[in-house]
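Next come the chains, spelled out residue by residue.
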Amino acid sequence: MKGSDVASDAAVACLRLHLIDGVGPRRFRLLMDHFGSVDQVLGASRRELMQVRLIGEKTSDTIASHHDQAFVDDELERAKSHGLRILCQSD
């Protein structure tokens, strides 16, 4: 699900990264500082991801292989059912 009345495209991308196991607020910020955008993080190779401080082999593998949209869609549906809107920093 791309951006909708529940979340902008940017918020959907941020949500996708936040929902990856092992990516909490600290690693999210380190990844953003290194790559500059969520799209760059999600498009990075395992090798590129491992160049980021505190991103080890397991986390880089998880990010590089994460293509499951179901978790994102579930979160967007939950937000919609409660009348909520998901925002990210750029919103």
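To start, this report covers the structure provided alongside it. (Residues numbered from 1 in each chain as written. Predicted model: local features only at pLDDT ≥ 70, side-chain atom pairs only at ≥ 80, totals over all residues. Heavy atoms only, no water.)

### Considerations on the environment of Asp9
The topology assignment puts Asp9 in helix α1 (residues 9-18). With relative accessibility at 46%, the residue Asp9 sits in the partly exposed group. When the C-alpha atoms of Asp9 and Ser60 are compared, they prove to be 23 Å apart, with 51 residues separating the residues in sequence. (Helix = DSSP H or I, 4+ residues; strand = E, 2+ residues; numbered from the N terminus. Buried < 20%, exposed > 50% of the residue type's maximum accessible area, 1.4 Å probe, protein only.)

### Brief notes about the environment of Ala13
Positionally, Ala13 belongs in helix α1. A residue is classified by how much of its surface remains accessible, and Ala13, at 13% relative accessible area, is buried. Spatially, the C-alpha atoms of Ala13 and Ser45 are 17 Å apart, while their sequence positions differ by 32 residues.

### As for the nonpolar core
With 27 residues, the main nonpolar core has Leu17, Leu31, Leu49, Leu76 and Ile86 as its most contacted residues. Counting only elements with at least two residues in this core, the list comes to α1, α2 (25-35), α3 (38-42) and α6 (70-81). Broken down by element, this core gets its largest block of residues, 6 residues, from α1. Residues contacting Leu31, with those up to four places away along its chain left out, are Leu17, Val23, Gly36, Val41, Leu49, Val52, Ile55 and Ile63. (Core = buried A, V, L, I, M, F, W, Y, C linked by side-chain atoms within 4.5 Å. Contact = heavy atoms within 4.5 Å.)

### Overview of the environment of Ile55
Residue position: Ile55 is located in the loop between α4 (46-49) and α5 (57-65). Once the C-alpha coordinates of Ile55 and Val23 are considered, the two residues, 32 residues apart in sequence, prove to be 9.0 Å apart. Among residues more than four places away in sequence, those in contact with Ile55 are Arg27, Leu31, Leu49, Met50 and Ser60.

### Details of the pattern of salt bridges
The full count for this structure, using the stated rule, is 4 salt bridges. The closest approach of N and O atoms between Glu57 and Arg46, which form a salt bridge, is 3.4 Å. Of this pair, Glu57 sits in helix α5 while Arg46 sits in helix α4, placing them 11 residues apart in sequence. Classification of Arg46 as partly exposed rests on a relative accessible area of 34%. Here Arg46 ties to Asp61 by a salt bridge, and the two come within 2.4 Å at their closest N and O atoms. One end of the pair, Arg46, is in helix α4; the other, Asp61, is in helix α5, with 15 residues separating them in the sequence. With relative accessibility at 32%, the residue Asp61 sits in the partly exposed group. Three or more residues are tied together by salt bridges with common partners; here these are Arg46, Glu57 and Asp61. (Salt bridge = Lys/Arg side-chain N within 4 Å of Asp/Glu carboxyl O.)

### Concerning α5
An α-helix turns once per 3.6 residues; consequently, residues spaced three or four apart project the same way. Among all positions of α5, only Thr59, Ser60 and Ile63 are buried. Summarising the axial view, the buried residues of α5 lie within an arc of 100 degrees, below the 170-degree limit, and thus occupy one face. Counted as exposed and oriented over 90 degrees from the buried face of α5: Lys58 and Ser65. (Arc of directions from axis to C-beta.)

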